Amino acid sequence: MAGDKQNNIWPLPKFHFEVKIADEEWFFQEVSGLETEVEVLEYRHGKSKQFAPFKMPGMKKVSDVTVTKGIFTGDTKLFDWFKEVRLNTIDRKTIIISLLNEDQNPEIVWKLTNAFPKKIESTNLNAQGNEIAIETIVLSHEELEIEVASKGKSE
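Since the structure is predicted, the reported quantities are computational estimates derived from the model, not experimental observations. (Residues numbered from 1 in each chain as written. Predicted model: local features only at pLDDT ≥ 70, side-chain atom pairs only at ≥ 80, totals over all residues. Heavy atoms only, no water.)

Moving on to the pattern of salt bridges. All told, the structure shown has 7 salt bridges when counted by the stated rule. A salt bridge links E24 to K77, with the nearest nitrogen and oxygen atoms 2.9 Å apart. Taken together, the residues span a long stretch of sequence, with E24 in strand β2 (residues 24-26) and K77 in helix α1 (residues 77-86) at a distance of 53 residues. You can call E24 partly exposed: its relative accessible area is 36%. The residue E135 makes a salt bridge to K69 at a minimum N-O spacing of 3.1 Å. Taken as a pair, E135 in strand β9 (residues 134-140) and K69 in strand β6 (residues 65-70) lie far apart in primary sequence, 66 residues in all. (Salt bridge = Lys/Arg side-chain N within 4 Å of Asp/Glu carboxyl O. Helix = DSSP H or I, 4+ residues; strand = E, 2+ residues; numbered from the N terminus. Buried < 20%, exposed > 50% of the residue type's maximum accessible area, 1.4 Å probe, protein only.)

Structure below.
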């Protein structure tokens, strides 16, 4: 049937996502760096019969997250937030990044805890180009939680 949803399972496209910073929706062209890993602790005592160290999980590490967006007239929210960091009055925020399905519901959600802007990179300028002005923002945060939507859940 033309136009109906297919029953087959397809991979999710990565171009349909939303970003909320402190419960306010922001619009970004790209999000990258959603990475977390566990450091490995190695230990071996002197009388061990094992010729290699034991490996144990240690502390979690998270990467900085980079977001890019178009520059719009009068849109200074990111610069204002960054300015607060420079004045040593850091306003840390929770950031929710959701990969959406065709019904606009989150399928995978990444939650960044205590995030703040670490770096802002303004667009390059070129008098002979015809590209959109894009800015890049690097966000530092303390924790990354990843949640997969349950099958029966609807929001």
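From this point, the narrative continues.
By the definition in use, this model includes 2 aromatic pairs. The interplanar angle of 20° and the centroid separation of 6.3 Å between the aromatic rings of W26 and F28 together place this pair among those described as stacked. Each member of the pair, W26 together with F28, is buried. Here W26 and W81 contribute two aromatic rings whose centre-to-centre distance is 6.4 Å and whose plane-to-plane angle is 65°, an arrangement assigned as edge-to-face. Residue W26 is located in strand β2, and its partner W81 is located in helix α1; the two are separated by 55 residues in the primary sequence. Side by side, W26 and W81 carry an identical accessibility label, which is buried. An aromatic cluster of three or more residues is present, and its members are W26, F28 and W81. In this structure, K77 is placed above the aromatic ring of W26, and the distance from its NZ or CZ to the ring centre is 4.5 Å. (Phe/Tyr/Trp six-rings, centres within 6.5 Å; stacked < 30°, edge-to-face > 60°. Lys NZ or Arg CZ within 6 Å of the ring centre and 35° of its normal.)

To continue, consider the nonpolar core. Nonpolar side chains in soluble globular proteins tend to end up buried together. One finds V19, I21, F28, V67, I95, I97 and L112 to be the most contacted residues of the largest nonpolar core, which totals 20 residues. For this core, the elements supplying multiple residues, two or more each, are β1 (17-21), β6, α1, β7 (93-100), β8 (106-121) and β9. Counting residues per element, this core draws most heavily on β8, which supplies 4 residues. Not counting the four nearest positions on each side in its chain, I21 is found in contact with W26, F28, W81, K93, T94 and I95. (Core = buried A, V, L, I, M, F, W, Y, C linked by side-chain atoms within 4.5 Å. Contact = heavy atoms within 4.5 Å.)

Time to look at unusual backbone geometry. Despite not being glycine, A22 shows a phi value in the positive range, around 50°. Considering the arrangement of structural elements, one finds A22 in the loop between β1 and β2. A positive phi is found at Q104, a non-glycine position, where the angle reads about 70°. Among the secondary structure elements, Q104 is positioned in the loop between β7 and β8.

Now for α1. All of the buried residues along α1 are L78, W81, F82 and V85. For α1, the buried positions fall inside an angular range of 100° around the axis, keeping them on one side. Residues of α1 that are buried sit in contact with β1, β2, β6, β7, β8 and β9. With its phi angle positive at about 60°, N88 sits one or two positions after the end of α1. (Arc of directions from axis to C-beta.)

This paragraph deals with the confidence of the model for the protein chain. Residues at a pLDDT of 70 or more form 91% of the protein chain, whose mean pLDDT is 89. For the protein chain, α1 is the element with the lowest average pLDDT, namely 86, and strand β3 (residues 30-32) is the one with the highest, namely 97. (pLDDT = per-residue confidence, 0-100.)

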